[in-house]
Amino acid sequence: MFEWWHRLVSHFVFETLGLSPESAAGSALDFFLYDTVKILVLLAVIIFLITFVRSYFPTEKIRDWLEGKHPIVGHVAAAVFGIITPFCSCSAIPLFLGFIQARIPLGVTFSYLISAPMNNEIAIAMLFSLFGWKVTALYIGMGLLVAIVAGIVIGKMHLEDEVLIKPPPVKPPHFEEAPIPVKERLKEAWDYTLDLLKKVGLYVLAGVGVGAFIHGYVPSELIVKYAGGDAWYAVPLATILGVPMYSSAAGIMPMIEALTQKGMLMGTALSLMMAITALSLPEAMILKKILSVKLIAIFFGVVAVGIMLTGWVFNAVLS
Amino acid sequence: MKIEILESGCVSCRSLEHNVREALAKSGKEADVEVVEDLQRIMAYGVMRTPGLVVDGQVLSVGKNLTPDEVLELLP
């Protein structure tokens, strides 16, 4: 899909600028120009598509649909809806309370709360442009599984009393949004995409830059020694490292891609990526307003175990 | 006219308040503007995405940072 662009870049770097393909500067510039443009274009396309589709699934509709469903159906549906719905940590609270208010079980609410940030549009777009559809599908599939199972586990622990604010269980007055014409949905999706690209663009450039550096200068032995091989601690270490990296997921992904090419195992990489998106400190701080510390700790603990199991299983199966 | 802006501390919530005030200044309409951060009150409107725009008890917009012109279109 991007071969023509690669030819153009190579022509510019090696013919117009006259850099040698063997030189470090020449190959680094070639890699950087090719990769950043490819990633930014794919990011724009994927974010635009997801945003457009999501405009048909407002959270309120999903809440209404989940109301009174069988718990297992609820867990699966909540996790799947997490893929297409938007999620920013500032919307976590009204979303959480809205689900509880509609008497959607706590565990089902958590299935959604785990899946939504993990399967956010930036993570999916970055994965797709860096690793291709297979790893993306693997990531989404395992992410759904972790969200469903962790939600069921949390639901079985009967932690309802750990929710600090009890919204009145009355059915809230439903309001009807006026039908939005497709043209307006497209325009909104486009505006949102531009907005998001402006926000993450710099991170992507920085990430690809560091990735290019790793490609060129960091010896594989070093990475294999610390992050590769079958050392059992690689996966939990990756999971813990992922927690403080949330805000810069777009910048971290290109580095992870470079690390996997240098010998980091795919399971370890998956654990790192999932921990980055699913376990975020800012989100935990915000949730503290409505959840007890105990419940937040259980939530993080259960999800972390799920993420580590994913990493270990993949390292064992793929190696 | 009573305008309530439902917010939960995100950046676009604050700029909605700003845009609402700008829209009022532009059109010369009079209204009481109140920023609602109380979760119980937000939940009572059944709103799950902030910022929300409520005029005289009617939810007119959720989860969107409207421009001043878009606000004016929604105001009665």
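Residues numbered from 1 in each chain as written. Chains lettered and ligands numbered in written order. Predicted model: local features only at pLDDT ≥ 70, side-chain atom pairs only at ≥ 80, totals over all residues.

1. Quick word on the overall build of chain B
Scanning chain B from terminus to terminus reveals three helices and four strands. Taken against the 2.2 N^0.38 rule, which gives 11 Å for 76 residues, the C-alpha radius of gyration of chain B at 11 Å falls within 12% of a compact globule. Looking at chain B residue by residue over its 76 residues, the buried ones come to 34%. (Helix = DSSP H or I, 4+ residues; strand = E, 2+ residues; numbered from the N terminus. Rg over C-alpha atoms; globule rule 2.2 N^0.38 Å. Buried ≥ 20, exposed ≤ 12 C-beta atoms within 10 Å, placed from the backbone.)

2. Observations regarding the overall build of chain A
For chain A, the helix and strand inventory stands at 15 helices and zero strands. Relative to the compact-globule value of 20 Å for 319 residues, chain A shows a C-alpha radius of gyration of 21 Å, a close match. In terms of overall dimensions, chain A has C-alpha extents of about 70 × 50 × 30 Å along its principal axes. The proportion of buried residues among the 319 residues of chain A is 42%.

3. Some details on the sheet that holds strand S3 (residues 52-55) of chain B
Residue and element names in this part refer to chain B. Overall, mixed pairing links the four strands, which are arranged S2-S1-S3-S4 in an open sheet. A strand with exactly one partner marks an edge of an open sheet, and here the two such strands are strand S2 (32-36) and strand S4 (58-62). Between one strand axis and the next, the sheet turns through 20° on average, direction left out of account. Relative to S4, S3 runs antiparallel, the two being bridged by four bridges. Along S4, the bridge assignment pairs Gly52 with Val62. (Pairing = 2+ DSSP bridges. Axes fitted to C-alpha atoms, helices over the stretch in contact; angles between N-to-C directions.)

4. A closer look at the environment of Thr109 of chain A
All names here are of chain A. Residue placement: Thr109 occurs in helix H6 (residues 106-118). Separated by 83 residues in sequence, Thr109 and Gly26 place their C-alpha atoms 51 Å apart. Once you skip the residues sitting within four places of it in the chain, Thr109 turns out to touch Phe96, Phe99, Ile100 and Ile104. (Contact = placed C-beta atoms within 7 Å.)

5. Examining H6 of chain A
In this model, H6 of chain A (13 residues) spans 19 Å end to end at C-alpha, consistent with the 18 Å of a helix rising 1.5 Å per residue. Within the sequence span of H6 of chain A, burial applies to Gly107, Val108, Thr109, Phe110, Ser111, Tyr112, Leu113, Ile114, Ser115, Ala116, Pro117 and Met118 of chain A. (Expected span 1.5 Å × (residues − 1).)

6. Re the pairing of strand S1 (residues 2-6) of chain B
Residues and elements named next belong to chain B. Here S1 lies mainly inside the structure; four of its five residues are buried. The sheet contact formed by S1 and S3 spans four bridges and is antiparallel. What sits directly across from Ile3, in S3, is Val55.

7. Notes on the packing of helix H1 (residues 3-16) of chain A against helix H2 (residues 24-54) of chain A
All names here are of chain A. Across the interface, H1 lies against H2 with an axial gap of 9 Å and an inter-helix angle of 145°. Between H1 and H2 lies a crossing whose hand is right-handed. Of H2, the residues touching H1 (which contributes Trp5, His6, Val9, Ser10, Val13 and Phe14) are Gly26, Leu29, Asp30, Leu33, Tyr34, Val37 and Lys38. Split by residue class, the contact of H1 with H2 holds eight nonpolar, three polar and two charged. (Left-handed = near helix turned anticlockwise from the far one by under 90°. Nonpolar A, V, L, I, M, F, W, Y, C, P; charged D, E, K, R; others polar.)

8. Things to note about helix H15 (residues 293-318) of chain A
All names here are of chain A. When the terminal C-alpha atoms of H15 are compared, their 37 Å separation across 26 residues agrees well with the 38 Å that a helix rising 1.5 Å per residue should span. For H15, every residue scored as buried is listed here: Leu295, Phe299, Val302, Val303, Ala304, Gly306, Ile307, Thr310, Gly311, Phe314 and Asn315. If you follow the buried residues of H15, they end up packed against H6, helix H8 (133-156), helix H11 (234-242) and helix H13 (266-278).

9. Comments concerning the confidence of the model for chain B
Residues and elements named next belong to chain B. Per-residue pLDDT for chain B averages 84, and the proportion of residues at 70 or more is 93%. Mean pLDDT in chain B bottoms out at helix H2 (residues 39-44), which sits at 82, and peaks at S1, which reaches 91. In the predicted assembly, ipTM is 0.73 and pTM is 0.82. (pLDDT = per-residue confidence, 0-100.)

10. Focus: the nonpolar core
Phe96, Ile114, Met253, Met273 and Val303 of chain A are the most contacted members of the largest nonpolar core, which has 95 residues in total. Beyond its immediate sequence surroundings of up to four residues, Val303 of chain A is in contact with Ile114, Val146, Ala150, Ala278 and Leu279 of chain A. (Core = buried A, V, L, I, M, F, W, Y, C linked by C-beta atoms within 7 Å.)

11. Let's talk about the confidence of the model for chain A
Confidence along chain A averages 84 in pLDDT terms, with 91% of residues attaining 70 or more. In the model of chain A, helix H10 (residues 220-227) of chain A stands out as the element of lowest mean pLDDT, 69, in contrast to H8 of chain A, which has the highest, 92.

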